Amino acid sequence: MSSIVRSQLELFISSERVTIRNSLRDARAEAIEKRDYDLSASLEEIENMLMGFMPIKSAFPTPDEYINALRSYAFTLSLLSSLFRHAGISTETLSMAKKLMSITLEKVEMGKLIENAKKILSEKEYGREVFIDGCKTYVGLLVGRVKEFDRQELHIVKEALTEIFAGGKPIRRLSDLAKELGAREKDLMRILKRMPDIDPNIIVKEKYVAMKNKLKEYIEDLLSDKGYILISDQAKELSLEPKYVVDALKILRDIFPNLRIYEDKIVYTPNILANYVEDIVRESIVISYEELAAKLGIHPKLVAEMLKETSRYFSETAIIEKVLINKKRIVSWLSKIFGDRPIIFVDEVAGIVGVSSKTAKAIADLAAALSKGDIVIRQNRVIYKPNMIRILSEAIREQVLPEDIASLKETDPRLVEDAVYKQIYQKLLDFEKTVMRGG
Amino acid sequence: MCIERSRPQFDKKKYIEAPQEPDVVIYYREIGRKEPDIIRVYEYEEAYVVCPTGETKVLAEPGFYRIYSRPARVTWVRLSKLTLTVGVPSTNLPFRYGVHADIVLFPKNVQMIVIGVAKMAREGVITIDLIKEELRRILRDAVLNVKLDPNKPRKEIISRIHEEINTLLKRSWLSMFVCDVQGIGFSHECELAKFLEG
């Protein structure tokens, strides 16, 4: 196999050198024509360097060392042609080219060469693109021609993948990746299946390739935006079948233990979802599971299941039957339903929320408990004391008890009488104050 | 492709190479069936092989190559800089002085030689003298076109002549070259020009 690699690399180095040299020569002619002698001198220097840029077989004690050198030279030439293609020929790119060739001539091992090349290219904003393209050229050179990649070549593939994934989707179809790398799916898969051994961060499956850390970042971003993710939406977004998205996310749980995938339909983390739901409840104050499900775009059954765990993270939300209630705002919400009225029936609350009378009563009970005595429940009636006191105050003056209070007095005389006495006492106090002031 | 690398050959009869004379810039030749099938390319030259199928292969690396499908047309191009001094005597100019220029020629699009110059005959050479001849004509035209005034600053004169010669080169059979005019002289200034005039 190494002889195939060797001949392939030798062929590539020889043809790539000619291609680069021709473009350098054209650039040099142009520089001469424009009388840009600095550029022309730099071009001449690089051209001369390039002329000798080929490892000499006899200089290496073993064939393996020679092949390793060929690899380094071929990789550098891929980067050089990519550099000139992307950024053109200028004193800046020529200086980078010189650095790249110099580090290759230092005979460093491939891993170090990749690292240094990346460092040199990253000085410029186009460096990333140049690096990816160079890696792609190199990978494309051998994919399909050799059955398996050497460990050093796998490192180049890893770098290429890292860079490809750095600027795009965190999970890609194998077919798309093959197109991008200019290889056949089958050949690429043969190479990629060894990748997880080189870098456990890479997920390689039959139909897709993903980067765990990128996928985690991506999911975290989505969750912080929306609180949950619908698998079907993401499948569309990532151009993958939902089952592959689910599969990747299940693998991702190695590094994202808090991630929940519910019935292969929805993805969430309990704490983030809890915050998101609390925000919704804070806005709506009282919201049924059905309404919440409609807002989330999922089935109410799923909501119930998800909330079983998520509700532990609620700080200001209570759940009664299948209704979520914001504890801080429930009293003011209920007081708005009262309007000027002192009494409403539980059924009215049930009608507004869209729940049974039993649930509505439980909601009212909660409001009563949180209202510091302002709301009182008597059988199926909810009484709002501030309104009742205001009405009684008028009734004392006019000596006529309104009908609803009178009816309440019949069923719960103690409550009404207490309020009446309190009002009389208040009025006496007011009177005393007025007299004392001498008014 | 009709060519592949071959082992080094030590018998000169077994391979074809471009003439070694230093004044040969381009050498072209059609290699037929009865001729040696191996060619040699030196480190200071490049060869272009046009296969019978019409494909062109560039041989940029020195070595021996075997042509296994013939007839093939091979063009060797010497890649070194050509530094030439070209003069136009005053008799060829409407002024009372002659002009000479120090010119460096650089090959630009070498492939153009293959499709242009080198298809004139089955075999031929382009020598420095031939190039000089054409450059002399170009220099004369350039001098006339720019309405040369020897009293102007020398750098300005050089720059204008440089520009004009490069424009004229593109329209000549030397279009595969660009030139760098390094200096301009007038016959009343130096011995060389007087000699060229004489």
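Per chain, the residues get numbers from 1 upward, laid out in the order the sequence is written. Chain A is the first chain written and ligand 1 is the first ligand written, with later ones labelled in order. For a predicted model such as this one, the threshold for reporting local features is a pLDDT of at least 70, and the threshold for listing and counting side-chain atom pairs is 80 or more; totals across whole chains, interfaces and linings nevertheless cover every residue.

Turning to the overall build of chain B, a few remarks are in order. Strands are runs of DSSP state E lasting at least 2 residues, helices are runs of H or I lasting at least 4, and numbering of each runs from the N terminus. For chain B, the count of helices and strands is four helices and 12 strands. Put plainly, a residue is buried at 20 or more neighbouring C-beta atoms within 10 Å of its own, exposed at 12 or fewer, and partly exposed in between, counting only other residues' C-beta atoms, which are placed from the backbone. Counting the 198 residues in chain B, one finds 37% classified as buried. By definition, residues are in contact whenever their C-beta atoms, placed on the basis of the backbone, come within 7 Å of each other. Put simply, of all contacts in chain B between residues at least 6 apart along the chain, 69% involve residues at least 24 apart.

Let us look at the overall build of chain A. Counting secondary structure elements, chain A contains 22 helices and 12 strands. In chain A, buried positions account for 35% of the 439 residues. Within chain A, residue pairs in contact and separated by at least 24 positions form 64% of the contacts whose partners lie at least 6 positions apart.

Quick look at the sheet that holds strand β9 (residues 323-326) of chain A now. Hydrogen bonds between backbone atoms are what pair the strands of a sheet, whose relative direction is either parallel or antiparallel. Residues and elements named next belong to chain A. Here, strands pair whenever DSSP counts at least two bridges between them. Strand order in the open sheet made by the three strands is β7-β9-β8, with antiparallel pairing throughout. The outermost strands of the open sheet, each flanked by one partner alone, are β7 (286-288) and β8 (317-320). Taking each pair of neighbouring strands and ignoring which way they run, the sheet shows an average axis angle of 25°. For β7 and β9, the ladder comprises three bridges, and the chain directions are antiparallel. Within the sheet, the bridge partner assigned to Val 286 lies in β9 and is Ile 325. Between N-to-C directions, angles span 0 to 180 degrees; the directions come from axes that are lines fitted to C-alpha atoms, helices contributing only their stretch in contact.

A few words on the environment of Ser 90 of chain A. For Ser 90 of chain A, the position within the fold is in the loop between α3 (63-87) and α4 (91-105). Expressed as a C-alpha distance, the spacing of Ser 90 of chain A and Ser 42 of chain A, which sit 48 residues apart in the sequence, is 9.1 Å.

What follows concerns the nonpolar core. Membership of the largest hydrophobic core comes to 165 residues, with the highest contact counts inside it found for Ala 74, Val 139 and Ala 248 of chain A together with Val 49, Leu 139 and Ile 165 of chain B. Here the element with the most residues in this core is α3 of chain A; it accounts for 12 residues. Excluding its chain neighbours within four sequence positions, the residues that come into contact with Leu 139 of chain B are Val 86, Val 88, Val 99, Ala 101 and Ile 165 of chain B. Each nonpolar core reported here comprises buried Ala, Val, Leu, Ile, Met, Phe, Trp, Tyr and Cys residues connected via C-beta atoms within 7 Å.

Our focus in this paragraph is helix α16 (residues 300-310) of chain A. All names here are of chain A. Three or more residues of α16 are buried, namely Val 303, Met 306, Leu 307 and Thr 310. All buried residues of α16 fall inside an arc of 100° around its axis, so they share one side. In α16, the exposed positions angled more than 90 degrees off the buried face are occupied by Lys 301 and Lys 308. Buried positions along α16 lie against β5 (260-262), β6 (266-268), α14 (270-284), α15 (289-296) and β8. As used here, the arc belongs to the directions running from the helix axis to the C-beta atoms.

Accessible area lost upon the coming together of the parts is a frequently used measure of interface size. Each side of the interface is counted separately: chain B has 10 residues, and chain A has 10 residues. Here the term charged refers only to Asp, Glu, Lys and Arg, the term nonpolar to Ala, Val, Leu, Ile, Met, Phe, Trp, Tyr, Cys and Pro, and the term polar to all other amino acids, Gly among them. Counted by class, the side of chain B that touches chain A contains four nonpolar, three polar and three charged residues.

A few words now on the sheet that holds β6 of chain A. Residues and elements named next belong to chain A. With antiparallel pairing, three strands are arranged side by side in an open sheet as β4-β6-β5. This sheet does not close on itself; its edge strands, each paired only once, are β4 (229-230) and β5. As paired elements, β5 and β6 share three bridges and run antiparallel to each other. The residue bridging Ile 261 from the neighbouring strand is Val 267, located in β6.

Expected span of a helix, by definition, is 1.5 Å for each gap between consecutive residues, and there is one gap fewer than residues. Spanning 15 residues, α4 of chain A covers 21 Å between terminal C-alpha atoms, matching the ideal 21 Å at 1.5 Å per step. Tucked into the core, α4 of chain A has its buried residues touching α2 (37-51), α3 and α5 (110-121) of chain A.

All names here are of chain A. The topology assignment puts Tyr 262 in strand β5. Here Tyr 262 falls in the partly exposed class, since 16 other C-beta atoms lie within 10 Å of it. Taking the C-alpha atoms as reference points, Tyr 262 and Ile 231, separated by 31 residues in sequence, lie 9.7 Å from one another.

Residues and elements named next belong to chain B. Taken together, the two bridges between strand β2 (residues 15-16) and strand β4 (residues 38-41) define a ladder with parallel strand orientation. Across the sheet, residue Ile 16 finds its bridge partner in β4, namely Ile 39. Bridge count for β4 against strand β7 (residues 63-67) is four bridges, and the pairing is antiparallel. Within the sheet, the bridge partner assigned to Ile 38 lies in β7 and is Arg 66.

With that settled, the discussion passes to the confidence of the model for chain B. All names here are of chain B. Each residue gets a pLDDT score, which is the predictor's confidence in that residue and runs from 0 to 100. Per-residue confidence for chain B gives a mean pLDDT of 86; residues scoring 70 or more make up 91%. Confidence, expressed as mean pLDDT per element, reaches its minimum in chain B at helix α4 (residues 191-197) with 57 and its maximum at β4 with 95. Predicted complex, confidence summary: ipTM 0.83, pTM 0.68.

The next subject is the packing of α14 of chain A against α16 of chain A. Residues and elements named next belong to chain A. The interhelical angle for the contact between α14 and α16, taken along N-to-C directions, is 110°, at an axis separation of 9 Å. Accordingly, the angle class assigned to the pair α14 and α16 is roughly perpendicular. Across from Pro 270, Leu 273, Ala 274 and Val 277 in α14, the residues of α16 making contact are Met 306, Glu 309 and Thr 310. Per-class residue counts for the contact of α14 with α16 are five nonpolar, one polar and one charged. For this classification, under 35 degrees means roughly parallel, over 145 means roughly antiparallel, 65 to 115 means roughly perpendicular, and everything else is oblique.

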